[in-house]
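A look at the structure
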Amino acid sequence: MSSDSGAATAGTVAAPTVSVVVVNYKGAGDTVACLEGIRALDWPAASVEVVVVDNHSGGDDVARIRAAAPDARVVEAGRNLGFAGGCNLGVRHSAGEFLAFVNNDARPEPEFLSAAVEAFADPTVAAVAAKVVDWSGERVDYVGSALSWYGQGFKVEVGAVDDGRFDEVRDVLFGTGSALVVRRSAFEQVGGFDERYFMFFEDVDLGWRLWLAGHRVRYVPRALVRHRHHASMSTLGQWWEQYLLERNALYTIYKNYDDENLTRFLAPAMALAIRRGVVLGGADSTALDLAESLPLPGETDQTTVSKTVLASTYAVDAFVRELGSLHASRMEIQRGRRRGDAELLRLFGMPMIPNIPAPDFVRDFETVGDVFAVDVPFQRRQRVLVLTPDTLSTRLAGPGIRALHIAGALAAEHEVVLATTAGGDLQRPDFEVRTVSTQPAMAELERWADVIVFQGDLMQKYPILRTTGKPVVIDMYDPFHLEQLEQAKDLGESRRRDVVQTATAVLNEQLARGDFFLCASEKQRDFWLGQMAALGRLNPAVYDQDETLGSLIAVVPFGVEEEPPVATRRAVKGVIPGIGEDDKVVLWGGGIYNWFDPLTLIRAMAVVRAKVPTARLLFMGVKHPNPAVPEMRMAVEARELAEELGLLGETVIFNHDWVPYEDRQNFLLESDVGVSTHLDHVETAFSFRTRILDYIWAALPVVCTQGDALAAVVEQHDLGQTVPPGDVDQLADVLVRLLTDVGLAAEHRANLERIRPTYQWSTVLEPLLAYCRAPHRAADLQSFSGRISVGGVSVVPPRWEGILGDLGLFRSYLREGGPRLLAQKVGARAGRLARGRFRSPR
């Protein structure tokens, strides 16, 4: 070790203490050589603690070790605890922040600890697997791991020349116990090595459990160790090792697979363990088959059989005898699970390897594999649950459209269920669509899923979305607490404040829980990052994982379909009463919501009509596809204004139904201009007007109000014209220009066609697709307990916890029916809430 004392001085930070644990059993010579290598480490001597556990070697082993290493703590076990028990005993006699397990027949190179500890700068890394070479340093002993479906682990590339091919840092399922460094907190969290193993595969089991708990195991080739091979087993027969390997493999798969995979793998694993012993032992398994041979006169009840045969048989018997305690361990491991099997199976590397090459065994191994379909989980894609609170039917609104395309894009790579809590009759051939309305139904879907993607306020209605250990993606494209600032104005100050605070609490809870977030624009991303910073989500763990924060929140705007729209029927001109075949159509391509400004547009149409008599404004849909949603106040006021100005039914036409999603292209393609006008308030600054994407898809020249993200896109790419909020004259002027200037409209259409590929769903959804290929918990949520808090304080004020389940109902009333409807529905409840006495009826 370095002669540096390791003490902190001004401007420096002391190196963390590493406890190096070495287990000795009748190998004092090897152990002394190992300790010499530890002394030569380039880590400060004051920050290295050496603990040697002697597993009741007898003889002079302890005396020799103490004489050779007086600075080491030598712990006498009193009996042979095996490698697993000896390591755990050493840990109990240590105090380091990191634990380095080194075989007594290994010798670490000087950089071993410095390279390993450097990797722990990533807080998601719980263990570092060192690179291990033979004693000469020329050939590979460990440069990566693989695991079979039946639980036996393998070191890959053993015996290969170490020529630089194996020097890439990467994730591995497990490291070798001969040279493994573990973060103490993670080691203690998962309970250390399983002492029932004695030796062999305890390192496989530890790595698997660390991954299940949400951590990572990282192969770091600069952490280099030389190793003699199995010095501790050199005097034992093959059957001893065979027994431990077979038994411990069964222990491992029983504890760590999820329920579905355990059901698939356990029986064939037990059967093949017996078959492997019979083949390796050269036994005739037909000896007791009366169809093959008859008993001889005077034959005894004794026979001779190889210990190798007995090793596998006894291993299965030992597994059965230990099943009670293994089951208790399994329950604890599965309760703490933070990753699904689908994510971990990709780390197995060699799941279908038959272990021994004997032709008889390989034949039967393949038969068993076919019969039990053991390869299916390794071919299975991620199971992704996409949830929306919107109706899913032939008539779709924005949230449902977004969820539909998210599900469709993910279904090309994964197994997807799209579920709605609002009902509907939509069916798709490429993924399953369900309606979920009860807590048990949602819990069933959560158990099925590997990844959950949701939008809206569903976390509050379904607590399983809050407590799940699965990776959760939250689609934050709708900052609905900003909407409530405008929408709740007529409720009175007390109730308005309640609604806005509740909406904010809902979003705070989501921001504190999510593993990955989607938003619609760069401006939204900045907004959400600010709110996350206030909640403590922009912390060292998240920053160190990705300094750009791109692994926490990504921009995923609304998209357009891959193929340009094709007309399938006449839908507007000469079809809708009031619109002739030669008329000019200005299309309002969505619902009329209270934060939009159709009134300025209608007044502008009165001006446009005088200059372009054939101009018609068509509101494409008024009645929301969800039958429970009432007509909005702004829609009523728009119709009243059109009638007051003498425009209703002639210049301004309302389509009172909602256009089916698969029919909307016919309305878009027959229109001349697509329009979107909104009020001037803070919601505008962070909104993303999704109807404008339909205009882009159809290459329909755009007229929109300035101030939001898509208005900036229209201006930047010359996709149409933008106008200030509330400016009737300028709005009328640009509409006239676009309806009469064929050349200008053609320029806009050409620009729209050029930009269209940028917004295709397959392009804009790429950040989500990339995440779902390798889903993971957020760096700061690795030990998430299910209670969402910041600094130990709940992000949801206690006063509001009782009403979170009702927020979706509040939003529906307020957003779709206006303040009057909300006041009617929740007056009594809101009064109790304002006095602090609200209790949810649920």
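Refer to the structure above for everything that follows.
In what follows, the accompanying structure is described. Predicted model only: the values in this text are computed from it and were never measured.

Conventions we followed
- Residues numbered from 1 in each chain as written.
- Predicted model: local features only at pLDDT ≥ 70, side-chain atom pairs only at ≥ 80, totals over all residues.
- Heavy atoms only, no water.
- Helix = DSSP H or I, 4+ residues; strand = E, 2+ residues; numbered from the N terminus.
- Buried < 20%, exposed > 50% of the residue type's maximum accessible area, 1.4 Å probe, protein only.
- Contact = heavy atoms within 4.5 Å.
- Areas by Shrake-Rupley, 256 points an atom, 1.4 Å probe, with all protein chains shown as cover.
- Axes fitted to C-alpha atoms, helices over the stretch in contact; angles between N-to-C directions.
- Parallel < 35°, antiparallel > 145°, perpendicular 65-115°, else oblique.
- Left-handed = near helix turned anticlockwise from the far one by under 90°.
- Pairing = 2+ DSSP bridges.
- Phe/Tyr/Trp six-rings, centres within 6.5 Å; stacked < 30°, edge-to-face > 60°.
- Lys NZ or Arg CZ within 6 Å of the ring centre and 35° of its normal.
- Expected span 1.5 Å × (residues − 1).
- Polar contact = N/O pair within 3.5 Å; in protein donor to acceptor, adjacent residues only side chain to side chain.
- Salt bridge = Lys/Arg side-chain N within 4 Å of Asp/Glu carboxyl O.

Topic: the overall build of the protein
- From N to C terminus, the protein includes 33 helices and 27 strands.
- Per-residue burial over the protein gives 58% buried out of 842 residues.
- Long-range pairs, those at least 24 residues apart, make up 77% of the contacts in the protein with a sequence separation of at least 6.
- Accessible surface, the protein as shown: approximately 33400 Å² in total, 52% of it carbon and sulfur.

Things to note about the packing of helix H22 (residues 598-611) against helix H23 (residues 633-644)
- Running from N to C, H22 and H23 point in directions that differ by 15°, and their axes come no closer than 9 Å. It follows that H22 is roughly parallel to H23 by the angle criterion. Between H22 and H23 the crossing geometry is right-handed. Of H23, the residues touching H22 (which contributes Pro598, Leu599, Ile602 and Arg603) are Met634, Glu637, Ala638, Leu641 and Ala642.

Regarding the sheet that holds strand S19 (residues 553-555)
- Judged by pairing direction, the sheet is parallel, and its seven strands sit side by side in the order S15-S14-S13-S16-S17-S18-S19 without closing on themselves. Edge positions in the sheet fall to strand S15 (432-435) and S19, since each has one partner strand and no second. Taken pair by pair, the neighbouring strands of this sheet meet at an average axis angle of 20°, ignoring direction.
- Judged from the four bridges that link them, strand S14 (residues 415-420) and S15 form a sheet pairing that is parallel. Bridging across to S15, threonine 420 finds its partner in threonine 435.
- Running over the sheet, helix H20 (residues 522-535) touches strand S18 (516-519) and S19 and is turned about 165° from S19.
- Packed onto the sheet, helix H31 (residues 766-773) meets strand S16 (451-455), strand S17 (472-475), S18 and S19 and runs at close to 165° relative to S18.

Observations concerning the packing of aromatic side chains
- Scanning the entire structure with this criterion turns up 27 aromatic pairs.
- Where tryptophan 208 meets tyrosine 257, the ring centres are 5.0 Å apart and the plane angle is 85°; that geometry is what we call edge-to-face. Here tryptophan 208, found in helix H6 (residues 202-212), pairs with tyrosine 257, found in the loop between helix H7 (238-256) and helix H8 (259-281); they are 49 residues apart in sequence, far enough to count as distant.
- For tryptophan 208, a relative accessible area of 1% corresponds to the buried category.
- A relative accessible area of 0% means that tyrosine 257 is categorised as buried.
- Over the face of the ring belonging to tryptophan 135 we find arginine 107, whose NZ or CZ atom lies 4.9 Å from the ring centre.
- The ring of tyrosine 254 carries the charged tip of arginine 330 above its face, separated from the ring centre by 5.9 Å.

Some words on helix H14 (residues 398-411)
- The terminal C-alpha atoms of H14, which comprises 14 residues, lie 20 Å apart, in line with the 20 Å expected from a rise of 1.5 Å per residue.
- Judged by how many residues are buried, H14 sits mostly within the fold: twelve of 14 residues are covered.
- Of all the residues in H14, the buried ones are Gly398, Gly400, Ile401, Arg402, Ala403, Leu404, His405, Ile406, Ala407, Ala409, Leu410 and Ala411.

Considering helix H9 (residues 307-321)
- A rise of 1.5 Å per residue sets the reference length of H9, with its 15 residues, at 21 Å; its end C-alpha atoms lie 20 Å apart and thus fit the reference within 8%.
- Listed in full, the buried residues belonging to H9 are Thr308, Val309, Ala311, Ser312, Ala315, Val316, Ala318 and Phe319.
- Packing partners of the buried residues in H9 comprise H7, H8 and helix H10 (323-335).
- Near the N-terminus of H9, the side chain that reaches the backbone nitrogen of threonine 308, with its oxygen 3.0 Å away, is that of serine 306.

What to know about the side chain of serine 145
- By the secondary structure assignment, serine 145 is in strand S8 (residues 145-147).
- Under the relative-accessibility criterion, serine 145 is labelled buried at 11%.
- For serine 145, the side chain forms a polar contact with the main-chain oxygen of phenylalanine 174, separated by 2.9 Å.
- Leaving out residues up to four positions away in the same chain, serine 145 has contacts with Phe154, Val156, Val172, Leu173, Phe174, Leu347 and Phe348.

As for the pattern of salt bridges
- Counted by the stated rule, this structure contains 47 salt bridges.
- Note that arginine 228 is salt-bridged to aspartate 30, the shortest N-O span being 3.3 Å. Separated by 198 residues along the polypeptide, arginine 228 in the loop between strand S12 (216-227) and H7 and aspartate 30 in helix H1 (residues 28-39) bring together distant segments of the chain.
- The exposure class assigned to aspartate 30 is partly exposed, which follows from its relative accessible area of 22%.
- A salt bridge links aspartate 515 to arginine 513, with the nearest nitrogen and oxygen atoms 3.1 Å apart. With respect to burial, aspartate 515 and arginine 513 carry one shared label: buried.
- Look at the salt bridges and you will find they share partners, linking Asp194, Arg196, Asp205, Arg209 and Lys255 into a network.

Some words on the environment of aspartate 544
- You can see aspartate 544 is positioned in helix H21 (residues 540-545).
- Expressed as a C-alpha distance, the spacing of aspartate 544 and aspartate 122, which sit 422 residues apart in the sequence, is 6.2 Å.
- The contacts of aspartate 544, once residues within four sequence positions are left out, are Ala121 and Pro123.

Interpretation note: all reported values are geometric properties and have no functional meaning in isolation.
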